[in-house]
Amino acid sequence: MTDMTTRYAPGWPGIPPRWTSSAKTGAGTALNQHSKVWFTLSHGILNEVYFPRVDQACTRDMGFIVTDGRKFFSEEKRNCSFENVPVEPGIPAYVLTNSCHSGRYRIHKEVLTDPYRSVVLQKIRFEPLQGELSDYHLYVLLAPHLANWGKGNTGWIGEYKGYPMFFAERDRVALSLACSVPWKKASVGFVGTSDGWQDLSDHFQMEWEYDRAENGNIAFTGEIDLEATKGEFVVALGLGATWTEAGQQARSSLFEDFAEIRQHYVAQWSSWHNKLLQLDEPKRQSDLYRASTAVLRTHESKDFLGGIIASLSIPWGFNKGDEDLGGYHLVWPRDLVETAGALLAAGAVTDAVRVLRYLEATQEATGNWAQNLWLDGRPYWGGVQMDETAFPILLLDLLRREAPESLGKLERWWPMTRKAASFIVRNGPVTMQDRWEEDAGYSPFTLAAEISALLAAADIADLTGHSEAQTMRDTADAWNDNIERWTYASGTDLAQQLGIDGYYVRIAPPATDGAAASPLQGFVPIKNRPPGEDGEHAYHVISPDALALVRFGLRAPDDPRILNTLRAIDALLAVELPQGPCWYRYNGDGYGEHKDGSAFDGTGIGRPWPLLAGERGHYALAGGHRDEAEALLTVMENSTAGQSRLLPEQVWDAADLPDHELFRGKPSGSACPLVWAHAEYVKLRRSIRDGKVFDQPPQTVQRYLVEKHKRNFVGWRVNNKTRSIPRGKLLRIILFAPARVHWSLDGWTTALDTDTRDTGLGIHILDLPTASLPAGAQAAFTFFWPSENRWEGTDYAVKIEA
């Protein structure tokens, strides 16, 4: 409510909003469905708080300013050193100690959420290190960014049932901020013009007391009554659909005993941890197992069960505004399956099955999954990554092998499996985007995932009594036979420099009319690089992705082609950091800070990824090198910042730049925590304990490393027109509708008409008998489409290679 006495803040709408640091040192939520609020921490203060979903941020940050009322001004996030430890290992409630650089004060905090309400609680103790409590003024600053937006927020100073609070609303989401002792003073203003930071930095005490700021980038300031609190108090940040709900939640929490709330919060998390496998026995010096499993669960939705976002952070958030609506608080199906695999590796079977159910519900009608999505299933970006369609099948198969009783009747999962497998056989093996979300073509990683998934789906088809298994296995075999043809580059200048005969490339461009698919042909666009530096020959770009051929069981760890590629990877992509070796995604990567440490802004320089050390550890273990795998586990453990125990997406690889908070071997400004990295850590712990790669599909190992299956055909399809095939192979025509194929093997001297066969997977096939044709001969063909009563109108030809 407003009236004629309401003091409106000047300076609308404030400066353009920005998010905050992505270098989180803590993230937490209550482990139940009652409290639908999540919090993050960095620089000793509260950062983004999420409500009512884990994909919806509602604040930028909340911290304290200390003054003496005359000339001393200190903001804890900028002018303190920080200590941050969990109350117990793996319990995402934190004890923070922020010590003033000038030695004048220390702020002690305990941060957690009320397990029965949507409230973030902070128990605060302000400790003067010089002078008395009465020598200081303490102010809380809160920047609402409701419903993922920094602009368009409206805030006011008000009351709930007579108790003074700050309120803010936007898009049917509201927050309240209350203290266990009423505010001594309170004001709300526009950021950069009339907010409390401007007031206090100029005047060292609150001279502005504005009641309301509408439809802008706003911030609240409240003075703590240190005399009344004797330096100890509790601050409650409540959230709800309306301001009254938010106010009721905060006030209700403040009536409760903080110690009792903490006890319940810790007990719920401890109960879950006690059911996990004890993969942390014996303990390691910098053990991340309990912290990592907690990160996995912390990122799960409480409404869309099984939906787990990639990170409670926005990479380089301090440099991004409302235009980056999603940040990393979105679901990536690939990251989600990696996370579910880690939960299963830790013994959290029920949690992994929830993920599978979420994937079942969010599968697109076409059979694939969106590149990334909001928790309710709405796609965010529009790309298609074929590995993200393969991964859910692999998760189902992993659960079928590790915990079959958890799935109920396997038949329930056949529709999801068939639709996904159909999408793969209709659209693969080429992917619109590789797993780094950048380029189209033949990717060793994507091929490994597609082929493994088709074999897993074939087993599920057999077990549930369906007939599509043979087509799936035929397709997998044919693609497996062509991996080297598509992605192994031999005789290049780079191979000569490295003293090897060849290597797997990061990605080979798809075939175009007039050109055969080959890693020696075409260019790969390098994303996130400046104009003129954004293209490279496909055979010059290397990635650790090729090691997926071993991880997924398609190639042996001692295969000479893998060993050659390993030499190329280590020559071009390895970097020695204080914690040990780490690797880049690929040479020329532009996703990272600039050379001077400034934030990634669409261009930059890619930095090492700790999760790649985990993947390399799995490769080492596959080759029988347990000690190397253990050493790489240590590399991951020492890639965190200080006491945070959170793994970042990337670590800094150059000389220290303290002004940018960049230190060699420590988190960069990229996403932190990255749930995928923690998942890789947990799976490596399980793999080391078992002495084998936990998530390696057995079908590929048996079929390609033991039985050495081959398939005697090469496919031609409208969306991937093969121009030539090796001598001795059949040519398989693959169409998306029934057709009569009019074909000839002798230059149309003679011709035959043959109908295609329906596979039940959305493709119709015909094998032409080209195996006996000599080099240089051609198979020519065209189609008649019965359903449309028309001819294709174009003749196609495929040449037999020498």
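Everything that follows concerns the structure shown earlier in this document.
Residues numbered from 1 in each chain as written. Predicted model: local features only at pLDDT ≥ 70, side-chain atom pairs only at ≥ 80, totals over all residues. Heavy atoms only, no water.

Draft legend 1. The arrangement of the packing of helix α8 (residues 349–362) against helix α9 (residues 386–402) in detail. Where α8 contacts α9, the axes come no closer than 10 Å and their chain directions differ by 145°. Two packed elements cross with a definite hand, and for α8 against α9 that hand is left-handed. When α8 is examined against α9, the residues Ala352, Val353, Val355, Leu356 and Leu359 are found in contact with a partner set consisting of Pro392, Leu395, Leu396 and Leu399. Looking at the contact of α8 with α9, its residues break down into nine nonpolar, no polar and no charged. (Axes fitted to C-alpha atoms, helices over the stretch in contact; angles between N-to-C directions. Helix = DSSP H or I, 4+ residues; strand = E, 2+ residues; numbered from the N terminus. Left-handed = near helix turned anticlockwise from the far one by under 90°. Contact = heavy atoms within 4.5 Å. Nonpolar A, V, L, I, M, F, W, Y, C, P; charged D, E, K, R; others polar.)

Draft legend 2. The arrangement of the pattern of salt bridges in detail. Counting across every chain of the model gives 65 salt bridges. The salt bridge partner of arginine 7 is aspartate 211, with a shortest N-O separation of 2.9 Å. On the criterion of sequence distance, the pair formed by arginine 7 in the segment before β1 (26–28) and aspartate 211 in the loop between α2 (196–203) and β15 (212–216) is long-range, its members being 204 residues apart. Exposure remark for arginine 7: the relative accessible area of 43% places this residue in the partly exposed category. Members of the salt-bridge network, linked through shared partners, are Asp434, Glu438, Asp439, Arg506, Arg585 and Asp589. (Salt bridge = Lys/Arg side-chain N within 4 Å of Asp/Glu carboxyl O. Buried < 20%, exposed > 50% of the residue type's maximum accessible area, 1.4 Å probe, protein only.)

Draft legend 3. Seen up close, α8. The end-to-end C-alpha separation of α8 is 20 Å, in line with the 20 Å expected for 14 residues at 1.5 Å each. Along α8, the positions that sit buried rather than exposed are Asp351, Ala352, Val353, Arg354, Val355, Leu356, Tyr358, Leu359 and Thr362. (Expected span 1.5 Å × (residues − 1).)

Draft legend 4. Representation of the nonpolar core in the model. With 226 residues, the main nonpolar core has Phe39, Leu46, Leu138, Phe166, Leu177, Tyr503 and Phe552 as its most contacted residues. Here this core gets 13 residues from one element, more than from any other, and that element is helix α11 (residues 444–463). Contacts of tyrosine 503, omitting those with residues within four sequence positions, involve Thr487, Tyr488, Ala489, Thr492, Leu494, Ala495, Tyr539, Ile542, Thr565 and Ala568. In this structure, Leu731, Ile733, Trp785 and Ile800 belong to the second largest nonpolar core, which totals 20 residues. (Core = buried A, V, L, I, M, F, W, Y, C linked by side-chain atoms within 4.5 Å.)

Draft legend 5. Geometry of the packing of aromatic side chains. This structure, assessed with the given rule, holds 34 aromatic pairs. Against the face of tyrosine 163 rests arginine 251, its NZ or CZ located 3.9 Å from the ring centre. Across from the ring centre of phenylalanine 445, 4.1 Å away, lies the NZ or CZ of arginine 435, which sits over that ring. (Phe/Tyr/Trp six-rings, centres within 6.5 Å; stacked < 30°, edge-to-face > 60°. Lys NZ or Arg CZ within 6 Å of the ring centre and 35° of its normal.)

Draft legend 6. Local environment of the sheet that holds strand β26 (residues 730–735). The strand order across the open sheet built from four strands is β24-β26-β30-β29, with neighbouring strands paired in mixed fashion. With one partner strand each, in any of the chains shown, β24 (713–717) and β29 (757–758) form the two edges of the open sheet. As judged from the five bridges shared by β24 and β26, these two strands associate in the parallel manner. Counterpart to phenylalanine 713 in the pairing with β26 is leucine 730. (Pairing = 2+ DSSP bridges.)

Draft legend 7. Main features of the sheet that holds strand β13 (residues 173–179). Sheet architecture is open: nine strands sit in the order β6-β7-β8-β9-β17-β13-β12-β11-β15, paired in antiparallel fashion. Because the sheet does not close on itself, it has two edges, and the strands there are β6 (80–88) and β15. Pairs of neighbouring strands in the sheet enclose a mean axial angle of 20°, with direction left out of account. As judged from the five bridges shared by strand β12 (residues 163–170) and β13, these two strands associate in the antiparallel manner.

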